[in-house]
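Read off the chains here:
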Amino acid sequence: MFKIGLESTFISNQNYYMRGGMLTALYASVEGTHKNEEAEFHLKTDNKLVGRPRIRQVRVRGVECAIPNSMKKYLSVCYPNFAAEFECTAELEPKFRKNVTHSAGAILFETPYTGGVISSAVFRPLRLIHGNGATAKCVLTCEIITLVFVVYFVIEEILELSRLGLAYFRKFWNLLDLTVVAFSVTCVILHAYGYILAHKLLKNGVTADDVYPGFVDVAYWCLQYNRMLALLVFFAMIKVG
C-alpha cells in the first residue's frame, strides 16, 4: 500500500502534483525491470504499465435539487456525482472572489498484489485564516455573545442541579437542557482548540521546503466541531419546538 498525502490550498498545487510527482513515479526507471524503456514500463518491479495513463479534469453541471419545495428558496442548485449525463462542457469562466477558502486533502492509492490500483480521496474544508473586515468583527462579536450565554446557562444548570439533587434527572426537559449545555461547552472547546492549532501552524510558517504543514489535524477538528454544532442545533430545535 502506498499512501500519497496531498495538502493544498490552491488548485494549481494539485495540477503540479499530477504533472510532476505522480507522472514521475509512474515512469520511474528501475534498473533491470525492463528491456526496452520505450515499450515497457514497470511499477515497483511487479506491475506493468500498459499504454499511457489518462488524466482528465471534468465538471458537472448544476441540476435542480431533490428537496422539499419549502427549502428550494435557500438551495436552488445542486451538483451531483459525476456521470456522463451530468458533464458540463461549457467554457470555464474565471471568477474572482475576495474570500479565500482552504481545504486539506489526502489521496490514497492501493496497489494489491494481484495488480491494478484502488484509489480513494478525502477532502475536508477548514477555517485557516480569520479575516479582519467588518464581517469578521461581526462574527467575533456573535461568538463572544454566544460564549456569555453558554457560561450563563452552565451556571444556571449547576444551581438547579444543586437545588433539586437527583430529582433533577427525573424530568425530560432538564435532561434536554443538560444535553444542550454539554454540546455547547463541547463546541466552544473544539472551536478554541481548532483556532489554536491553526494559529500555531501559521506562526511556525508553512513556506519552508522542509516543513510539512499539519493541515489534516486542523481539518479533522473543524469536522468534529461541525458535527457537534449540528447535534447542538438539533437538540436546541427540540427544546424550542
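Predicted, not measured: the structure shown is a model, and the values here were computed from it. (Residues numbered from 1 in each chain as written. Predicted model: local features only at pLDDT ≥ 70, side-chain atom pairs only at ≥ 80, totals over all residues. Heavy atoms only, no water.)

This part takes up the UniProt feature "transmembrane region" (unreviewed entry) in the chain. According to UniProt, the "transmembrane region" (unreviewed entry) feature falls on residues 134-155, 175-198 and 218-238. With 100% helix and 0% strand, residues 134-155 has end C-alpha atoms that lie 32 Å from one another. Between the C-alpha atoms that bound residues 218-238 there is a distance of 31 Å. The span itself is 100% helix and 0% strand. (UniProt positions renumbered as here; feature names shortened; annotations may be inferred. Helix = DSSP H or I, 4+ residues; strand = E, 2+ residues; numbered from the N terminus.)

Mapped onto the elements of the fold, D177 is located in helix α3 (residues 172-204). Those residues in contact with D177 that lie beyond four places of it in its chain are E157 and K239. (Contact = heavy atoms within 4.5 Å.)

This part covers the state of the cysteines. With the rule as written, the count across this model stands at one disulfide. Sulfur-sulfur distance for the disulfide between C65 and C78 comes to 1.9 Å. Every disulfide takes its handedness from the sign of the S-S torsion; for C65 and C78 that torsion is 110°, giving right-handed. A residue pair is termed long-range when its members are at least 10 positions apart, and C65 in the loop between β4 (63-64) and β5 (77-78) and C78 in strand β5 qualify at 13 residues. Of the residues examined, C78 reaches a relative accessible area of 23% and is grouped as partly exposed. We note that C138 lacks a disulfide partner, and the nearest cysteine sulfur, in C142, lies 4.4 Å from it. (Disulfide = S-S within 2.5 Å. Buried < 20%, exposed > 50% of the residue type's maximum accessible area, 1.4 Å probe, protein only.)

What follows deals with the packing of aromatic side chains. Considering all chains together, one arrives at eight aromatic pairs under this definition. With a centroid separation of 5.4 Å and 90° between ring planes, the pair formed by Y168 and F169 is classed as edge-to-face. The buried category is assigned to Y168, whose relative accessible area is 1%. (Phe/Tyr/Trp six-rings, centres within 6.5 Å; stacked < 30°, edge-to-face > 60°.)

With 26 residues, helix α4 (residues 215-240) extends 37 Å from end C-alpha to end C-alpha; this agrees with the ideal 38 Å at 1.5 Å per step. Every buried residue of α4 is accounted for by F215, V218, A219, C222, Q224 and L232. (Expected span 1.5 Å × (residues − 1).)

Let us look at the environment of I118. With respect to the helices, strands and loops of the structure, I118 is situated in strand β7 (residues 118-126). Taking the C-alpha atoms as reference points, I118 and L108, separated by ten residues in sequence, lie 8.1 Å from one another. Excluding residues within four positions of it along the chain, I118 makes contact with L108, F109, E110 and P112.

Turning to the nonpolar core, a few remarks are in order. Grouped together as the largest cluster of nonpolar side chains are nine residues: A104, L126, L128, A198, L201, F215, V218, A219 and C222. For this core, the secondary structure elements donating two or more residues are α3 and α4. Ranked by the residues each element gives to this core, the list is headed by α4, at four residues. (Core = buried A, V, L, I, M, F, W, Y, C linked by side-chain atoms within 4.5 Å.)

The grouping of L161, L166, F169, L175 and L178 at the surface amounts to a nonpolar patch, some 440 Å² of accessible area in total. Considering the arrangement of structural elements, one finds L178 in helix α3. By relative accessible area, L178 is classed as partly exposed at 35%. (Patch = residues over 30% accessible without salt bridge, like charges linked within 9 Å, V, L, I, M, F, W, Y side chains within 5 Å. Areas by Shrake-Rupley, 256 points an atom, 1.4 Å probe, with all protein chains shown as cover. Salt bridge = Lys/Arg side-chain N within 4 Å of Asp/Glu carboxyl O.)

The next thing to look at is the environment of E64. Note that E64 resides in strand β4. Judged by its relative accessible area of 60%, E64 falls in the exposed class. Each C-alpha atom, one on E64 and one on V77, is 5.4 Å from the other, the two residues being 13 residues apart in sequence. Setting aside residues up to four positions removed in sequence, E64 forms contacts with K72 and S76.

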